[in-house]
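This is what each chain is made of:
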Amino acid sequence: QVQLVESGGGLVQTGDSLRLSCEASGRTFRTYVVGWFRQAPGKEREFVTAVSGSGGITNYADSVKGRFTISRDNTKNTVYLQMNNLKPEDTAVYYCAARSGSYTTVILRTTTSYTSWGQGTQVTVSS
């Protein structure tokens, strides 16, 4: 497994943008599928988006499609989450997660599919 550290969270207003980063250790990072999940107080951890090892394939939850973009730079062992037009409902702790394997064989939206998790970064969107 790899070690993951999220950063970039903060307090913003409705309509603002924010970019989160997920930095990973490990020499085989490019072979890992990476996903972003979020968890609001009193609610379940939910899937946000995921990207294949090469960065060529992505998947998004309906709630963020068109507003969020996931990308990765394997030369820097980093995955990014660009969040635009933020809404109060986006307020949550955002977690980066990863697992090795083919994008097509990983159950992307299930937390138990991932073997490595970061500690999370708080995103708060005021109305």
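Rules of the game
- Residues numbered from 1 in each chain as written.
- Predicted model: local features only at pLDDT ≥ 70, side-chain atom pairs only at ≥ 80, totals over all residues.
- Heavy atoms only, no water.
- Helix = DSSP H or I, 4+ residues; strand = E, 2+ residues; numbered from the N terminus.
- Rg over C-alpha atoms; globule rule 2.2 N^0.38 Å.
- Buried < 20%, exposed > 50% of the residue type's maximum accessible area, 1.4 Å probe, protein only.
- Areas by Shrake-Rupley, 256 points an atom, 1.4 Å probe, with all protein chains shown as cover.
- Lys, Arg positive; Asp, Glu negative; His and termini not counted.
- Charge placed at Lys NZ, Arg CZ, Asp CG, Glu CD.
- Disulfide = S-S within 2.5 Å.
- Pairing = 2+ DSSP bridges.
- Axes fitted to C-alpha atoms, helices over the stretch in contact; angles between N-to-C directions.
- Core = buried A, V, L, I, M, F, W, Y, C linked by side-chain atoms within 4.5 Å.
- Phe/Tyr/Trp six-rings, centres within 6.5 Å; stacked < 30°, edge-to-face > 60°.
- Lys NZ or Arg CZ within 6 Å of the ring centre and 35° of its normal.

Caption draft 1: Structural view of the overall build of the protein. When you go through the protein residue by residue, the secondary structure sums to 0 helices and 11 strands. When the elements of the protein are put in sequence order from the N terminus, they spell out β-β-β-β-β-β-β-β-β-β-β. What you see for the protein is a C-alpha radius of gyration of 13 Å, in line with the 14 Å of a compact globule of 127 residues. Projecting the C-alpha coordinates of the protein onto the three principal axes gives extents of approximately 40 × 25 × 25 Å. Within the span of the protein, comprising 127 residues, buried residues form 44% of the whole. Just so you have it, the protein exposes about 6,500 Å², and 45% of that area is on carbon and sulfur atoms. Of the charged side chains in the protein, 13 are positive and 9 negative; the average position of the first set lies 7 Å away from that of the second.

Caption draft 2: Up close: the state of the cysteines. This model, assessed by the stated rule, comprises 1 disulfide. Between the sulfur of Cys22 and that of Cys96 lies a disulfide, 2.0 Å long from S to S. For the disulfide bridge between Cys22 and Cys96, the dihedral angle about the S-S bond is near -80°, and by the sign convention the bridge is left-handed. In this pair, Cys22 sits in strand β3 (residues 18–25) while Cys96 sits in strand β9 (residues 92–100), placing the two residues 74 residues apart along the sequence.

Caption draft 3: Structural context of the sheet that holds strand β8 (residues 78–83). Reading across from one edge, β1-β3-β8-β7 is the order of the 4 strands in this open sheet, with antiparallel pairing throughout. Unpaired on one side and paired on the other, β1 (3–7) and β7 (68–73) mark the two borders of the sheet. The sheet shows a mean angle of 15° between the axes of neighbouring strands, taken without regard to direction. Looking at chain direction, β7 and β8 are connected through 6 bridges and run antiparallel. Looking across to β8, one finds that Arg72 is bridged to Val79.

Caption draft 4: Fine view of the pairing of β3. Sheet analysis places β1 next to β3, joined by 5 bridges and oriented antiparallel. Residue pairing for β3: Val5 is matched across the bridge by Glu23. Pairing geometry for β3 and β8, over 6 bridges, is antiparallel. Bridge pairing links Arg19 to Gln82 in β8.

Caption draft 5: The arrangement of the nonpolar core in detail. Counting residues in each nonpolar core, the largest one holds 37 residues, and the members touching the most others are Leu20, Trp36, Phe68, Val79, Met83, Tyr94 and Leu108. Elements supplying a minimum of two residues to this core: β3, β4 (32–39), β5 (46–51), β7, β8, β9 and β11 (121–126).

Caption draft 6: How the structure looks around the packing of aromatic side chains. The final tally for this structure, using the stated rule, is 5 aromatic pairs. Ring geometry for Phe37 and Trp117: centres 5.2 Å apart, planes at 50°, overall tilted. On the criterion of sequence distance, the pair formed by Phe37 in strand β4 and Trp117 in strand β10 (residues 116–117) is long-range, its members being 80 residues apart. Overall, Phe37 belongs to the buried group, its relative accessible area being 0%. Aromatic rings pair up to connect Phe37, Phe47, Tyr95, Tyr114 and Trp117 into one cluster. Directly above the ring of Tyr95 sits Arg45, whose terminal nitrogen or CZ lies 3.8 Å from the centroid. The ring of Phe29 has Arg72 lying over it, and the distance from NZ or CZ to the ring centre is 4.6 Å.

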